[in-house]
Protein chains: 2
Amino acid sequence: MREVFHHSLEDVQGRLVEIAELVTVAIDKATRSFGESDVALAEEVIEADAVIDQKAIALDELAIEILARQQPVARDLRIVVSALRISASLERMGDIAEHIAQLTRMRFPERAIPKGLKSTFRKMGELDVDVARQLTELLRTQDLEISDEIRNNDDLIDDLHVSVFEKVLSDTWQGEASATVDATLASRYHERFADHAVSVAKKVAYLATGDWTTETDAIEVVSSS
Amino acid sequence: MREVFHHSLEDVQGRLVEIAELVTVAIDKATRSFGESDVALAEEVIEADAVIDQKAIALDELAIEILARQQPVARDLRIVVSALRISASLERMGDIAEHIAQLTRMRFPERAIPKGLKSTFRKMGELDVDVARQLTELLRTQDLEISDEIRNNDDLIDDLHVSVFEKVLSDTWQGEASATVDATLASRYHERFADHAVSVAKKVAYLATGDWTTETDAIEVVSSS
């Protein structure tokens with residue numbers, strides 16, 4: 001039975017990695033479409049989000065099947081519950097990538113990125129892509145040192161998020177209201193994406209360490225939406 | 001064993017109702033603090049959010065204990081998994097109320113509500129409070145007709161959300177960038193709060209009807225953040 005369970009867990013882990021890879025593609029395309037005002041690339045992200053949603057639902061069904069058939073208890077049970085939560089967070093990260101792509105599409109043929117913030121959003125986008133890649137690797141390897149890299153990148157993204165508001169609220173800001181709205185929404189989406197990654201990293205830390213409190217902490221992070 | 005399980009479910013349901021009541025208090029205070037620029041009321045919301053977080057975590061622990069001890073299968077198992085998801089959504093609704101309170105505090109002693117949008121945000125706030133009350137009643141009674149009321153109110157809030165952007169992007173908009181930022185964030189928070197309520201209502205519909213697809217639909221709704 002243990003062997004069956006561990007085989008099932010490997011299946012769950014493999015699916016989490018697969019979803020994380022799709023989320024990485026989505027945020028990479030979304031942030032590039034936003035930076036280059038590439039509406040075709042944005043459409044790809046919007047179309048592909050349904051696949052991420054379906055795979056998250058399928059993973060939830062698998063987890064429920066494991067609970068029903070193998071009736072795990074104690075730590076094994078918490079691992080399966082954590083997998084349900086991780087899939088929900090990954091699915092939300094895919095939705096955020098879609099929101100960024102929708103901003104691109106909404107403003108096309110105009111640029112969604114306000115003047116004066118292009119380099120800031122390029123950095124935020126690159127950091128979000130790094131975070132998604134690191135998260136995929138963390139799910140694959142459960143190497144917790146990667147969690148520190150994700151947290152560090154999240155701190156950098158938070159600083160850029162603050163700098164966007166400083167810029168928009170400064171006397172020198174010349175942007176129209178639409179530019180202010182776009183900067184506000186886009187900066188929040190970029191920042192939330194990394195928050196969810198930190199929350200998943202904490203859940204993975206639980207899987208590796210068995211320290212459930214790290215996951216309950218994560219509930220607060222993932223929930224700021 | 002069935003009897004023990006149903007007693008446990010009553011405990012779970014009672015806790016979900018209790019959390020929903022706390023969320024209702026939070027959104028009522030948060031939206032009033034926002035409308036009246038009442039920083040003391042805002043502080044109450046920010047302080048009380050930790051209680052909602054703790055109760056959500058305690059409920060999750062109870063659900064995990066039920067899974068471990070009573071090993072529910074089939075529909076009973078899905079009910080417990082749904083309870084885990086409902087608690088996560090309620091906890092996020094509490095966080096959104098906190099975000100609205102934080103906007104109030106951030107701008108104090110200035111008004112957080114931009115000129116020309118006071119009545120719009122008053123309506124959005126009242127609708128969010130209605131939605132929270134209806135959700136509490138839905139969790140208590142599982143009367144699915146309440147779900148329709150929640151959906152209708154969510155539609156009204158979505159219309160107001162759109163009208164905020166129309167106002168902010170109109171030629172007549174005189175607000176400074178800070179007013180545009182506040183309107184953008186506040187409108188999104190008000191709209192997201194109701195989205196989460198609709199998602200919970202779909203999960204409750206599953207509990208009442210056993211139609212799991214209504215819950216999987218809900219994943220997309222709740223995840224748009």
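Note on numbering: residues in each chain are counted from 1, in written sequence order. The lettering of chains begins at A and the numbering of ligands begins at 1, in the order of writing. Local features in this predicted model are restricted to residues whose pLDDT is 70 or higher, and side-chain atom pairs enter the listing and the counts only when it is 80 or higher, whereas totals over whole chains, interfaces and linings include all residues. Based on all heavy atoms of the structure, the side-chain values leave hydrogens and waters out of the count.

*Asks:* In this structure, what is going on with the UniProt feature "domain: PhoU" (unreviewed entry) in chain A? I would like to understand it.
*Replies:* Residues and elements named next belong to chain A. UniProt positions are given in the numbering used here, feature names are shortened, and annotations may be inferred rather than shown by experiment. Summarizing the sequence annotation, UniProt attributes the feature "domain: PhoU" (unreviewed entry) to residues 17-103 and 122-204 in the numbering used throughout. In DSSP terms, a helix is any run of H or I states spanning at least four residues, a strand is any run of E spanning at least two, and both are numbered starting from the N terminus. Annotated as 94% helix and 0% strand, the span residues 17-103 places its first and last C-alpha atoms 27 Å apart. Segment residues 122-204 splits into 87% helix and 0% strand. End C-alpha atoms: 28 Å apart.

*Asks:* Whenever I open this one, the relation of the copies chain B and chain A confuses me. Can you help?
*Replies:* For the pair of chain copies, the relating transformation is a rotation about an axis with a translation along it. Overlaying chain B on chain A yields an RMSD of 0.0 Å, the required transformation being a rotation through 180 degrees with an accompanying axial translation of 0.0 Å. On this basis, the relationship between the two copies can be described by a two-fold rotation axis. Whether two residues touch is decided by their heavy atoms; if any such pair falls within 4.5 Å, the residues are in contact. Most of the interface of chain B is mirrored in chain A, where 100% of its interface residues again form contacts. C-alpha atoms of residues with pLDDT of at least 70 in both copies form the basis for the least-squares superposition of the copies.

*Asks:* Sorry if this is basic, but what is going on with helix H6 (residues 177-209) of chain A here?
*Replies:* Within an α-helix, residues lying three or four positions from one another point in the same direction, as the helix has 3.6 residues per turn. What a helix should span is 1.5 Å times the count of its residues minus one. The terminal C-alpha atoms of H6 of chain A, which comprises 33 residues, lie 48 Å apart, in line with the 48 Å expected from a rise of 1.5 Å per residue. With a 1.4 Å probe rolled over the protein chains alone, any residue whose accessible area is under 20% of its type maximum counts as buried; one over 50% counts as exposed, and the rest are partly exposed. Burial runs high along H6 of chain A: 29 of the 33 residues are buried.

*Asks:* I keep staring at the interface of chain B and chain A and nothing clicks. Help me out?
*Replies:* Often the size quoted for an interface is simply the accessible area lost on bringing the parts together. Chain B puts 42 residues into the contact, and the matching count from chain A is 42 residues. Values labelled buried area give the accessible surface lost by two parts on being combined, using a 1.4 Å probe and summing over both. Roughly 3500 Å² is buried in total at the junction of chain B and chain A, and carbon and sulfur atoms are behind 65% of that figure. Salt bridge criterion: a side-chain nitrogen from Lys or Arg within 4 Å of a carboxyl oxygen from Asp or Glu. Across the pair Asp 60 of chain A and Arg 85 of chain B runs a salt bridge, and its minimum N-O distance is 2.9 Å. As used in this structure description, the phrase polar contact means that two N or O atoms lie within 3.5 Å; if the pair is within protein, one of them must be able to donate a hydrogen and the other to accept it, and residues adjacent in sequence are counted only when both atoms belong to side chains. At the surface where chain B touches chain A, the tally comes to four residue pairs in polar contact (both at pLDDT 80 or more). Mapped by element, the contributors of at least two residues to the side of chain B that touches chain A are helix H2 (39-70), helix H3 (74-107), helix H5 (145-168), helix H6 (177-209) and helix H7 (212-222) of chain B. Per-element accounting of the side of chain B that touches chain A gives the leading share, eleven residues, to H3 of chain B. We call Asp, Glu, Lys and Arg charged. Ala, Val, Leu, Ile, Met, Phe, Trp, Tyr, Cys and Pro are nonpolar, and the rest, Gly among them, are polar. Grouping the constituent residues of the side of chain B that touches chain A by class yields 21 nonpolar, ten polar and eleven charged.

*Asks:* I tried to follow a positive patch on the surface on my own but got confused; where do I start?
*Replies:* Residues and elements named next belong to chain A. The patch calculation keeps residues exceeding 30% relative accessible area without a salt bridge and links them within 9 Å when they carry like charges or within 5 Å when they are nonpolar (Val, Leu, Ile, Met, Phe, Trp, Tyr). Using the Shrake-Rupley algorithm and a 1.4 Å probe, accessible areas are obtained, with residue cover drawn only from the displayed protein chains. For the purpose of charge, His is not counted, nor are the chain termini; Lys and Arg are scored as positive and Asp and Glu as negative. To locate a charge, take atom NZ for lysine, CZ for arginine, CG for aspartate or CD for glutamate. A cluster of like positive charges, contributed by Arg 111, Lys 118, Arg 122 and Lys 123, occupies part of the molecular surface. Counting through the fold element by element, Arg 122 comes out in helix H4 (residues 118-141). Using a relative accessible area of 48% as the deciding quantity, one classes Arg 122 as partly exposed.

*Asks:* Explain the packing of aromatic side chains to me, please; I cannot follow it from the model alone.
*Replies:* To describe a pair of aromatic rings, one takes the distance between the centres and the angle between the planes. All names here are of chain A. Put simply, two rings from Phe, Tyr or Trp (the six-membered ring, in Trp's case) pair if the centres are within 6.5 Å, and we call them stacked under 30 degrees between planes, edge-to-face over 60, tilted for the rest. Tallying each qualifying case throughout the model produces two aromatic pairs over all chains. A centroid spacing of 5.5 Å and a plane angle of 80 degrees characterise the contact between Phe 34 and Phe 121, whose relative ring orientation is edge-to-face. Linking Phe 34 in helix H1 (residues 2-36) with Phe 121 in helix H4, this pair joins segments that are 87 residues apart in sequence. A relative accessible area of 3% places Phe 121 in the buried class.

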